Amino acid sequence: MPTSVAPQWSPDGKYICYGEPADGAVQLAVTRADGSDKKVITSKHPHAYSRWSPDALSVSYTRFEKGQPPALWVSAPDGSEAKELLKGVGNPPAEWKPK
């Protein structure tokens, strides 16, 4: 695995979501626990503060786009179904609340 930033294990222990330096920003990637099957789930803009949903079916993260307030996004672990949930989020990162 390349240099990683703030790795987060999925609740089921099968995957790790981590930040990876790329082109002056940090992109988020998900890989299997053994380091195989890497998928970059974000692109273009810096991202941070990834958090797994309790069921490990989603990953939330903060997106930092130049000239815009930080935004909370969520996607599937493979990066599909990415959508913005909220603009103007701050620190600390959002946390999932179990049902």
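Nothing here was measured: the structure is a model prediction, and the numbers come from that model.

**Observations concerning the pairing of strand E5 (residues 47-52)**
- The sheet contact formed by E5 and strand E6 (residues 59-63) spans four bridges and is antiparallel. Residue Arg51 lies in a different strand from E6, and its bridge partner there is Ser60.
- Taking the residues that link successive antiparallel strands as the turn, the E5-E6 hairpin has six residues, and the phi of Ala56 there is positive, at about 65 degrees.

**Re the packing of aromatic side chains**
- Under the definition given, this model contains one aromatic pair.
- Plain terms: the ring middles of Tyr49 and Phe64 are 6.3 Å apart, the flat faces sit at 65 degrees to each other, and that makes the pair edge-to-face. With Tyr49 in strand E5 and Phe64 in the loop between E6 and strand E7 (71-75), the pair connects residues that are 15 residues apart, well separated along the chain.
- Here Tyr49 falls in the partly exposed class, since its relative accessible area comes to 33%.

**Considering the pattern of salt bridges**
- Scanning the model with the defined rule gives five salt bridges in all.
- In this structure, Glu20 and Lys38 form a salt bridge, with 2.9 Å as the shortest nitrogen-oxygen distance. Linking Glu20 in strand E2 (residues 15-22) with Lys38 in the loop between strand E3 (25-32) and strand E4 (39-40), this pair joins segments that are 18 residues apart in sequence.
- Across the pair Glu84 and Lys87 runs a salt bridge, and its minimum N-O distance is 3.5 Å.
- Via salt bridges that share partners, Arg32, Asp37 and Lys39 belong to a single interconnected network.

Rules of the game
- Residues numbered from 1 in each chain as written.
- Predicted model: local features only at pLDDT ≥ 70, side-chain atom pairs only at ≥ 80, totals over all residues.
- Heavy atoms only, no water.
- Pairing = 2+ DSSP bridges.
- Helix = DSSP H or I, 4+ residues; strand = E, 2+ residues; numbered from the N terminus.
- Phe/Tyr/Trp six-rings, centres within 6.5 Å; stacked < 30°, edge-to-face > 60°.
- Buried < 20%, exposed > 50% of the residue type's maximum accessible area, 1.4 Å probe, protein only.
- Salt bridge = Lys/Arg side-chain N within 4 Å of Asp/Glu carboxyl O.

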